[in-house]
Amino acid sequence: MSLPTRADYRVFYPITTRWSDNDLYGHVNNVVYYAYFDSAANRYLIEEGGLDIQAGEIVGFVVSSGCEYHAPIAYPERIEAGLRVEKLGNSSVRYGIAIFREGRAEAVAHGHFVHVFVERAANRSVAIPDRLRQALAAISVQGSTGS
């Protein structure tokens, strides 16, 4: 399997690694990548889709995630998260997310993250609101042959 590259992703966000991201082995611990994924997806939803995480009626709940690791990174490396939408459903979205060293083409890790959109008060899934759907569709690779 070839490693995902920057060309496979639509949006990129810089991430500042922290001293506390490193584990006893001297590299970023595997669970920290999930926080990177969460930050990238939610930043996109807030900035591009208008998601109001504090008072909005609709919120996204993570229902599935996974990650494959290809090379270690460590604080204080500069990294970036690449983001794309792999599947856009009625009430859910599957993101593809990869972590890259700043300026490097191949991912050090890649994975997926699934949000189901829920009405906050009723705690029930709902259709993705139009503005969010448009933002998600803008970075979709659904139907393409990307990795």
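Thresholds, definitions, all that
Every chain begins its residue count from 1, and numbering advances along the sequence as written. Reporting in this predicted model follows two pLDDT cut-offs: at least 70 for local features of residues, and 80 or more for side-chain atom pairs to be given and counted; totals over whole chains, interfaces and linings ignore these cut-offs and use all residues. Note: side-chain values were computed over all heavy atoms of the structure, leaving out hydrogens and water. What makes a salt bridge here is a side-chain nitrogen of Lys or Arg within 4 Å of a carboxyl oxygen of Asp or Glu, nothing more. Put simply, DSSP H or I for four residues or longer makes a helix, DSSP E for two residues or longer makes a strand, and each gets a number counted from the N terminus. Categorising residues by exposure relies on relative accessible area from a 1.4 Å probe, with only protein chains included: less than 20% of the type maximum marks a residue as buried, more than 50% marks it as exposed, and the intermediate range marks it as partly exposed. Two aromatic rings, drawn from Phe, Tyr or Trp (for Trp, its six-membered ring), form a pair once their centres lie within 6.5 Å of each other, and the interplanar angle then sorts them: stacked below 30 degrees, edge-to-face above 60, tilted otherwise. Each ring is checked for a lysine NZ or an arginine CZ that lies within 6 Å of its centre and within 35 degrees of its normal; such an atom marks a charge sitting over the ring. In this description, a nonpolar core means a group of buried Ala, Val, Leu, Ile, Met, Phe, Trp, Tyr and Cys residues linked to one another through side-chain atoms lying within 4.5 Å. The contact definition used throughout considers only heavy atoms, calling two residues in contact when any of these lie within 4.5 Å. Polar contacts, as counted here, are pairs of nitrogen or oxygen atoms within 3.5 Å of one another; within protein the pair requires one atom able to donate a hydrogen and one able to accept it, and residues that are adjacent in sequence qualify only if both atoms are side-chain atoms.

Chemist: Where do I start with the pattern of salt bridges in this structure?
Modeler: When charged atoms on two side chains of opposite charge get close, those side chains can pair. Applying the stated criterion across every chain, the model contains 7 salt bridges. Put simply, Arg-101 and Glu-77 hold a salt bridge, and the shortest N to O gap is 2.6 Å. With Arg-101 in strand 4 (residues 92–101) and Glu-77 in the loop between strand 2 (58–69) and strand 3 (78–88), this residue pair connects regions lying 24 residues apart in the sequence. With a shortest N-O distance of 3.9 Å, Glu-119 and Arg-124 are connected by a salt bridge. Owing to a relative accessible area of 28%, Glu-119 belongs among the partly exposed residues under this scheme. Its relative accessible area of 54% is what places Arg-124 among the exposed residues. Because the salt bridges share partners, they merge into one network encompassing Arg-84, Glu-86 and Arg-94.

Chemist: I keep staring at the packing of aromatic side chains and nothing clicks. Help me out?
Modeler: The description of an aromatic ring pair uses the distance of the two centres, along with the angle that the planes make with each other. Enumeration according to the criterion identifies 7 aromatic pairs in this entry. Measuring from ring centre to ring centre gives 5.1 Å for Tyr-33 and Tyr-69, while their planes differ by 75°; the resulting arrangement is edge-to-face. Here Tyr-69 lies in strand 2 and Tyr-33 lies in helix 1 (residues 30–49), a separation of 36 residues in the sequence. Three or more aromatic residues link up through ring pairs in this structure, and these residues are Tyr-9, Phe-12 and Phe-100. Seen from the ring of Phe-100, Arg-6 lies directly overhead, with NZ or CZ sitting 4.9 Å from the centre.

Chemist: Please explain the nonpolar core as it appears in this structure.
Modeler: Within soluble globular proteins, side chains that are nonpolar generally end up buried alongside one another. In terms of nonpolar packing, the biggest core is built from 35 residues, with Tyr-36, Tyr-95, Ile-99, Phe-117 and Leu-136 touching the most fellow members. When contributions to this core are tallied by element, the ones reaching two or more residues are strand 1 (11–16), helix 1, strand 2, strand 3, strand 4, strand 5 (107–119) and helix 2 (130–138). In terms of residue count, the dominant contributor to this core is helix 1 (8 residues). Here Tyr-36 is in contact with Ile-15, Thr-17, Asp-21, Val-28, Ile-73, Ile-79 and Ile-99, once residues within four sequence places are set aside.

Chemist: What is the right way to read the side chain of Asn-22 from this model?
Modeler: Looking at where Asn-22 falls in the secondary structure, it is placed in the loop between strand 1 and helix 1. Here the side chain of Asn-22 touches Tyr-75 through a polar contact of 2.9 Å, landing on its backbone nitrogen.

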